[in-house]
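For reference, the chains in residue letters:
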Amino acid sequence: MESAGAGWPEPVVRVQSLSESGAATIPDRYVKPESERPAADPEASAAALTVEGGIPVVDLSSPSDPATARAVSEACRDWGFFQAVNHGVPAELLRRARGVWRGFFRQPMEVKQRYANSPATYEGYGSRLGVEKGAVLDWGDYYFLHVRPPHLFNPHKWPHLPPDLRETTEEYSREVAALCGRLMTAMSVGLGVGETRLQEAFGGADDAGVCVRVNYYPPCPQPELTLGLSSHSDPGGMTVLLADDRVRGLQVRRRGAWVTVDPVPDAFIVNVGDQIQVLTNATYRSVEHRVMVNAADERLSVALFYNPKSDLPLAPMPELVTPDRPALYNPMTFDEYRMYIRRKGPRGKSQVDSLKAAAAAAATVDVAENATS
Ligand code: OGA
Ligand code: NI
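Just so you know, the residues in each chain are numbered from 1, in the order the chain's sequence is written. The order in which chains are written sets their letters, starting at A; the order in which ligands are written sets their numbers, starting at 1. In keeping with the model being predicted, local features are shown solely for residues with a pLDDT of at least 70 and side-chain atom pairs are shown and tallied solely at 80 or more, while totals for entire chains, interfaces and linings include all residues. Side-chain calculation: all heavy atoms of the structure are included, whereas hydrogens and water are not.

Under an unreviewed UniProt entry, the name given to the protein is Fe2OG dioxygenase domain-containing protein, and the source organism is Miscanthus lutarioriparius. According to its UniProt record, the protein has this under Catalytic activity (unreviewed entry): "jasmonate + 2-oxoglutarate + O2 = (1R,2R)-12-hydroxyjasmonate + succinate + CO2". UniProt positions are given in the numbering used here, feature names are shortened, and annotations may be inferred rather than shown by experiment. Under the Sequence similarities (unreviewed entry) heading, UniProt states for the protein: "Belongs to the iron/ascorbate-dependent oxidoreductase family."

Structure, rendered in structure tokens:
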């Protein structure tokens, strides 16, 4: 089953197979340029961590309390990331979700290969993001699924085993999507625009998109040369990440340094995606992050992406556009927007920044036209 086929530019290699081969070195394809390697500038990263103690922790036990909205809003403005505790999703469900997906990745390769994905939708078992021939690849495999809206739910793409994987993943997605709804309310209140405004600007809760990406990072013989996932910002609305309960690896960009996240047990890591940055006219920030790997342990994370209605052109909410702060982004639908990362792979914040450049250029033209008319 191993072939270039299905739309990939070259044969797909499973990182798990490379890891299990026991080779002492990694293939050149996975070696990052020096400036992107994990140990570049360790002093700046250590300093950032000691000064600030890591991403904020937000208690969601009283979600409609104004103090909760303030804490969420502050974290979204300042870091673009926070850890959510007392979030209302049972710890037992988190354990089951991790368990079924560890079970999936432990199956024999020929079973997993039945679900091999293609770049058309990315759904299924995958090992790269982006279709550029010769790209430097990341040290990780993944499984990607569309859960909502209903017309994108495709049962044929879901693994049949372990037996409770489907039911658990559906229950998990329902619960975490409901949490995203509560977070949308808190984020909206924190913007001062009324509690339903952000969700309305998203196209409404019923049309929101929900996707799950389970990341599997196998042990790596040369972790100092590569990354499990290269620096990127998440293209969608917001992301709720269930990090590995034993192994660290996620790093968040903070004032030019990389801060390693130390997950609180049973917490979620929440971050703002590019679409919320656009809707809030950059009041809330989608921040670059990446994943380090290590030589000893595998790491598994479950990311749930909560996305806007995909065919709705999104632009900054009018309430957040003023003469002092003109609209920073031109309208674009999420369907169009997400093609970029699907073609090019993870590339920092280059995409959302290019939207901004286009809006700035358009504004300059407007000014020039007004001046001459
Ligand atoms: C992602 C992501 C982080 C992690 O899937 O977009 O950033 O820790 N994952 O796996
Ligand atoms: Ni991400």
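Novice: I'd like a rundown of the site of ligand 1, residues and numbers included.
Specialist: Whether a residue is near a molecule or strand depends on its heavy atoms: if one lies within 4 Å, it is near. Near ligand 1 you find 14 residues, and of these Asn215, Tyr217, His289, Arg299 and Ser301 are the closest. Taking His232, its side chain carries an N or O atom lying 3.2 Å from an oxygen atom of ligand 1. With residues, only the protein chains shown are counted as cover, and all accessible areas are computed by Shrake-Rupley using a 1.4 Å probe. Starting from 290 Å² of accessible surface for ligand 1 in isolation, the protein chains cover 96%. Site definitions follow a grid-based scheme: protein atoms alone, a 1 Å grid, a 1.4 Å probe that fits but cannot get out for cavities, and for pockets an open set with protein on both sides within 12 Å along at least five of seven lines, plus lining residues having an atom within 4 Å of a point. In this scheme, a molecule is assigned to a cavity or pocket if more than half of its atoms are within 2 Å of the grid points. Counting atoms within 2 Å of the grid points, the majority share of ligand 1 lands in the largest cavity. Per-element tally for the shell around ligand 1: the top contributor is strand S12 (residues 299-307), with 4 residues. Gly is put with the polar residues, along with every residue not named as nonpolar or charged; the nonpolar set is Ala, Val, Leu, Ile, Met, Phe, Trp, Tyr, Cys and Pro, and the charged set is Asp, Glu, Lys and Arg. Within the shell around ligand 1, the residues separate by chemical class into 7 nonpolar, 4 polar and 3 charged. N or O atoms closer than or at 3.5 Å make up a polar contact, with two conditions inside protein: a donor-capable atom paired with an acceptor-capable one, and, for residues adjacent in sequence, both atoms drawn from side chains. In this text, helices come from DSSP runs of H or I with a minimum length of four residues, and strands from runs of E with a minimum of two, each type numbered from the N-terminal end.

Novice: Run through the packing of helix H3 (residues 66-78) against helix H6 (residues 165-191), naming residues and quoting values.
Specialist: Here, axes are lines fitted to C-alpha atoms. For helices the fit covers the stretch in contact, and angles between N-to-C directions go from 0 to 180 degrees. Taken N-terminus to C-terminus, the directions of H3 and H6 make an angle of 80°; their axes are 8 Å apart at the nearest point. For the element pair H3 / H6, the angle class is roughly perpendicular. Contacts between H3 and H6 involve Ala69, Val72, Ser73, Cys76 and Arg77 from the former and Ala186, Met187, Val189, Gly190 and Leu191 from the latter. A class-by-class count of the residues in the contact of H3 with H6 yields 7 nonpolar, 2 polar and 1 charged. Our angle categories are set so that under 35 degrees counts as roughly parallel, over 145 as roughly antiparallel, 65 to 115 as roughly perpendicular, and the remainder as oblique. We call two residues contacting when some pair of their heavy atoms lies within 4.5 Å.

Novice: Run through empty space enclosed by the protein, naming residues and quoting values.
Specialist: Grid points are joined across faces, edges and corners, and a volume is the space filled by probe spheres set on the points. In the structure shown here, the tally under the stated rule is 4 cavities of 30 Å³ or more. In this model, the largest cavity occupies a volume close to 480 Å³. Forming the boundary of the largest cavity are 31 residues, of which Arg213, His232, Asp234, Pro235 and Phe305 lie nearest the centre. When residues of the lining of the largest cavity are traced back to their parent elements, those giving at least two are strand S4 (141-148), strand S5 (209-217), strand S6 (229-232), strand S7 (238-242), strand S10 (268-272), strand S11 (289-291), S12 and helix H9 (334-344). For the lining of the largest cavity, the element with the highest residue contribution is S12, accounting for 5 residues. Here the lining of the largest cavity is composed, by residue class, of 18 nonpolar, 8 polar and 5 charged. Its boundaries defined by the atoms lining it, the second largest cavity holds a volume of some 80 Å³. Forming the walls of the second largest cavity are 14 residues, and the residues nearest its centre are Ser233, Tyr340, Ile341, Gly348 and Gln351.

Novice: Tell me about the coordination of the nickel ion (ligand 2), and please be specific about residues and values.
Specialist: Taken together, the protein ligands of the nickel ion (ligand 2) are His232 (NE2), Asp234 (OD) and His289 (NE2), with distances of 2.1 Å. Written as a sequence motif, the donor residues of the nickel ion (ligand 2) are H-x1-D-x54-H. As far as the burial class goes, His232 and Asp234 line up, both buried. Water is absent from the atoms considered, so a metal site may look incomplete; donors are defined as N, O and S atoms within 2.8 Å of the metal, or 3.2 Å for Na, K and Ca. To sort residues, take the accessible area from a 1.4 Å probe on protein chains only and compare it with the maximum for the residue type: under 20% means buried, over 50% means exposed, and anything in between is partly exposed.

Novice: Tell me about the nonpolar core, and please be specific about residues and values.
Specialist: Residues Trp101 and Phe268 are the most contacted members of the largest nonpolar core, which totals 58 residues. Those residues in contact with Phe268, other than ones at most four positions away along the chain, are Phe82, Gln83, Ala84, His87, Val89, Leu94, Tyr172, Val176, Leu179, Val240, Leu241 and Leu242. In this text, buried Ala, Val, Leu, Ile, Met, Phe, Trp, Tyr and Cys residues form a nonpolar core when linked through side-chain atoms within 4.5 Å.

Novice: Describe in detail the layout of surface pockets, supporting the description with residues and values.
Specialist: Taken as a whole, the largest pocket holds about 620 Å³ of empty space. Around the largest pocket sit 40 residues that line it, and Lys32, Glu36, Ser230, Ser231 and Pro346 are the ones nearest its centre. Of all the elements in the fold, those that place two or more residues in the lining of the largest pocket are S4, S5, S6 and strand S9 (257-260). Among the residues making up the lining of the largest pocket, the classes are represented as 14 nonpolar, 12 polar and 14 charged.

Novice: So what's going on with the pattern of salt bridges? Which residues, and what values?
Specialist: Between side chains of opposite charge, pairing is possible as soon as their charged atoms come close. Counted as salt bridges are all cases of a side-chain nitrogen of Lys or Arg within 4 Å of a carboxyl oxygen of Asp or Glu. The tally for this structure, following the rule as stated, stands at 16 salt bridges. Put simply, Arg29 and Glu10 hold a salt bridge, and the shortest N to O gap is 3.0 Å. Separated by 19 residues along the polypeptide, Arg29 in the loop between helix H1 (15-20) and helix H2 (42-52) and Glu10 in the segment before H1 bring together distant segments of the chain. A residue is classified by how much of its surface remains accessible, and Arg29, at 29% relative accessible area, is partly exposed. A salt bridge links Asp245 to Arg98, with the nearest nitrogen and oxygen atoms 4.0 Å apart.

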